[in-house]
Amino acid sequence: MTSDIHALSGAYAIDALDDIERARFERHLAECGECRAEVDSLREAAALLPETTTAEPPAALRDRILAEVATVRPLPPIVPAADTEPSAESGGSRGRRRWLAPLVAAAAVVAVLGAGGVAWHPWTDESGQGPVTSAADRVRNAPDAVTVTRKVDGGEATIIASKSLNQLVVSTEGLPPLPTGKVYEMWLNDADKGMVPVPGGLMTAADSTVVLDGNVSHATGAGITVEPAGGSKVPTSDPVALFNLENA
Amino acid sequence: MDQIRPVSPGASSSEGAPGAPALGELLRLSSRGDQGAFAALYDATSRRAYGLALRVVRDPAQAEEVTQEAYLDIWRTASRFDPDRGSALSWVLTIVHRKAVDRVRSAEAASRRDVTYHQENQPVEHDSTAEAAEASLEARRVRGALQNLTEVQREALELAYFGGYSHTEVATMLDLPLGTAKTRIRDGLIRLRDAMGVGAA
């Protein structure tokens, strides 16, 4: 099957894959620069098609959009992580304690840039809105949702966490591919227990958005490490990304 | 700030059309919270965005919702636009298209479509909104380029892009052997790309 996975580039570029194929192809995309370039170029081609079907939107739509935009803060650009030099060598024993210093550093960066920890304005969709609110949207829309984005070696990871829902949405994009036998693992920094694994928080390098349950209300931060397949109970490597979740 | 920028018709060189850099600049300003720039971006792209949403979801009220959701996403994530990967127009319309497809698929999940969609939606006909665009020179160029596609390529591409159908659904609708619709879609897009000279391959 992998032999003709490249052939999915066109269908992927115009959203004609089902969810499973899409995930599979995105995993492939993470490793295939050729396909990435092809998808980009095919999207340019697809973007010509609406030219043949333009329609004047109602003036009221413009007013609504511009009014709503005024209440929503644009996401920050992806900034290089400050000075967390991810020394790749692992040392199982020094797991928990070592997190504290970088977390403080991360908090400082957040404070300076105002980049994270900002409560999102809830999306005030009008009454007759779409049929389904996804689990991810519920978290995004939570009044206490906190959004933090961190750059991960060319890619990025964004966490939207809600203490009231005890859920977080983790979105990754362009994470560096992992050697076989390794996964990314998501952790919450519990105020009492230190780093605790988030159930279901194992991720590949493929772009993904997942909603996870975790004791967010009791967490001061979150982090991502690289772990052996199957995950670990305690972090065994330095974090590739740290997220401060304290009310900034 | 509030003047309406000329609409940049789709790119005609690998660097993007005249006007494409302007859209990229408007996105950049939007990412800093410049609402005037965002309004100009909206004015320069909304006929395509709304027309696309309307074509996919068909219901004007839902098309408005999709368009609104998409522009909010565009506002929120403008800082993530990467000019090295493509034009601003393509970035904007990719977001709109994804929202529109998500909408028809979730509506479909709620009330599962069955084989009757075959008749209802088969050839993507040109509706009145398409007629309104007839005057556009660029639209004529795109239509011309689409004539270079084989019948099957064009049908597969239009059903997938404007119909919001997956490639396996398209294969069934066009009585193609399973697995070949994706190839037709890709081949069609490549022909369109090469005929219009967009997207440095």
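Only a predicted model underlies this, so the values are computations on that prediction, with no experimental measurement involved.

J.: I'm lost on the overall build of chain A in this one. Help?
T.: Helices and strands together make up the secondary structure of chain A, namely six helices and nine strands. Going through the 248 residues of chain A one by one, you find that 40% of them count as buried.

J.: How do you make sense of the overall build of chain B when you look at a structure like this?
T.: The helix and strand inventory of chain B stands at ten helices and zero strands. Along chain B, from the amino end to the carboxyl end, the secondary structure elements read α-α-α-α-α-α-α-α-α-α. Buried positions account for 49% of the 201 residues belonging to chain B.

J.: Looking at this structure, how should I read the interface of chain B and chain A?
T.: For an interface, size is often stated in terms of accessible area lost upon the parts coming together. The partner chain A presents 48 residues to the 70 residues of chain B that form the contact. Within the residue set of the side of chain B that touches chain A, elements represented by two or more residues are α1 (20-31), α2 (35-57), α3 (60-77), α4 (88-110), α6 (128-132), α7 (137-146), α8 (151-161) and α10 (181-196) of chain B. Here the side of chain B that touches chain A takes twelve residues from α2(B), the largest share from any one element. When the residues that make up the side of chain B that touches chain A are grouped by side-chain class, the tally is 32 nonpolar, 23 polar and 15 charged.

J.: I tried to follow the pairing of strand β9 (residues 241-244) of chain A on my own but got confused; where do I start?
T.: All names here are of chain A. Side chains Ala 241 and Phe 243 of β9 all project onto a buried face; the interleaved residues Leu 242 and Asn 244 project onto the opposite face, where all are buried too. Relative to β9, strand β8 (residues 219-228) is paired through four bridges, and the arrangement is antiparallel. Directly across from Gly 223, in β9, lies its bridge partner Leu 242.

J.: Even after reading the chapter, I still don't get the pairing of strand β5 (residues 182-190) of chain A, so can you show me in this structure?
T.: Put simply, side chains in a regular strand alternate between the two faces of the sheet. Residue and element names in this part refer to chain A. Across nine bridges, the pairing between β5 and β8 is antiparallel. If you follow Asn 189 over to β8, its bridge partner there is Gly 221. Of the pairings in the sheet, the one linking β5 to strand β6 (residues 194-203) comprises six bridges and is antiparallel in character. Across the sheet, residue Trp 187 finds its bridge partner in β6, namely Pro 197. In this structure, the hairpin formed by β5 and β6 is closed by a connection of three residues.

J.: Mind showing me how you'd approach the sheet that holds β9(A) here?
T.: All names here are of chain A. The sheet built from four strands is open, its strands ordered β6-β5-β8-β9 with antiparallel pairing. Each end of this open sheet is capped by a strand with a single partner; those strands are β6 and β9. Ignoring strand direction, the axes of neighbouring strands in this sheet form an average angle of 25°.

J.: Got a minute to help me understand helix α2 (residues 19-31) of chain A in this structure?
T.: Since there are 3.6 residues in each turn of an α-helix, residues three or four apart along the chain are aligned in direction. With 13 residues, α2(A) should cover 18 Å at 1.5 Å per step; its first-to-last C-alpha distance of 19 Å lies within 8% of that length. Buried residues along α2(A) sit against α1 (9-13) and α3 (33-46) of chain A.

J.: How do you make sense of the confidence of the model for chain A when you look at a structure like this?
T.: In regions of low pLDDT, the predicted coordinates are not meant to be interpreted in detail. Residues and elements named next belong to chain A. When pLDDT is averaged along chain A, the result is 77; 76% of the residues meet or exceed 70. α1 holds the highest mean pLDDT among the elements of chain A, 97, whereas strand β1 (residues 118-119) holds the lowest, 30. Predicted confidence for residues 84-132 stays below pLDDT 50, and this span has 79 contacts to residues more than four positions away or in other chains.

J.: Help me out: how do you make sense of the packing of α8(B) against α10(B) in this one?
T.: Between two packed helices, the angle of one axis relative to the other and the distance separating the axes together describe the packing. Residues and elements named next belong to chain B. Following both chains from N to C, one finds α8 and α10 inclined at 100°, their axes separated by 8 Å at the closest point. Between α8 and α10, the angle is such that the two are roughly perpendicular. Here Val 152, Gln 153, Arg 154, Ala 156, Leu 157 and Ala 160 of α8 lie close against α10, whose contacting residues are Ala 181, Arg 184, Ile 185, Asp 187, Gly 188, Leu 189 and Arg 191. Classifying every residue of the contact of α8 with α10 by side-chain character gives seven nonpolar, two polar and four charged.

J.: Honestly, the nonpolar core in this entry has me stumped. Any pointers?
T.: If you look at soluble globular proteins, the nonpolar side chains tend to sit buried side by side. Counting 106 residues, the largest nonpolar core has Leu168(A), Ala222(A), Ala53(B) and Ala160(B) as its most contacted members. Examining the composition of this core, we find that 13 residues originate from one element, α2(B), more than from any other. With sequence-adjacent residues up to four places away left out, Ala160(B) is seen in contact with Ala11(A), Ile14(A), Ala16(A), Tyr165(B), His167(B), Val170(B) and Ile185(B).

J.: How do you make sense of α2(B) when you look at a structure like this?
T.: Residues and elements named next belong to chain B. A rise of 1.5 Å per residue sets the reference length of α2, with its 23 residues, at 33 Å; its end C-alpha atoms lie only 28 Å apart and thus fall more than 12% short of the reference. Of all 23 residues that make up α2, 19 are buried, and the element is covered over most of its length. Two residues or fewer past α2, Arg 58 is found with a positive phi of approximately 75°.

J.: I keep staring at the packing of helix α4 (residues 59-69) of chain A against α2(B) and nothing clicks. Help me out?
T.: Put simply, α4(A) and α2(B) touch, their axes get as near as 11 Å, and they point 150° apart. By the criterion of interaxial angle, the relationship of α4(A) to α2(B) is roughly antiparallel. For the element pair α4(A) and α2(B), the recorded crossing hand is right-handed. Where α4(A) abuts α2(B), its residues Arg62(A), Ile65(A), Leu66(A) and Val69(A) lie against Gln35(B), Phe38(B), Ala39(B), Tyr42(B) and Ser46(B). Class assignment of the residues belonging to the contact of α4(A) with α2(B) gives a composition of six nonpolar, two polar and one charged.

J.: Hey, could you run me through the environment of Ile65(A) in this one?
T.: When you line up the elements, Ile65(A) lands in helix α4. Given 24 C-beta atoms within a 10 Å radius, Ile65(A) is considered buried. In this structure, Ile65(A) is in contact with Tyr42(B), Gln68(B) and Tyr71(B), ignoring residues within four places of it in sequence.

Reading the values: rules and limits
Residues numbered from 1 in each chain as written. Chains lettered and ligands numbered in written order. Predicted model: local features only at pLDDT ≥ 70, side-chain atom pairs only at ≥ 80, totals over all residues. Helix = DSSP H or I, 4+ residues; strand = E, 2+ residues; numbered from the N terminus. Buried ≥ 20, exposed ≤ 12 C-beta atoms within 10 Å, placed from the backbone. Contact = placed C-beta atoms within 7 Å. Nonpolar A, V, L, I, M, F, W, Y, C, P; charged D, E, K, R; others polar. Pairing = 2+ DSSP bridges. Axes fitted to C-alpha atoms, helices over the stretch in contact; angles between N-to-C directions. Expected span 1.5 Å × (residues − 1). pLDDT = per-residue confidence, 0-100. Parallel < 35°, antiparallel > 145°, perpendicular 65-115°, else oblique. Core = buried A, V, L, I, M, F, W, Y, C linked by C-beta atoms within 7 Å. Left-handed = near helix turned anticlockwise from the far one by under 90°.

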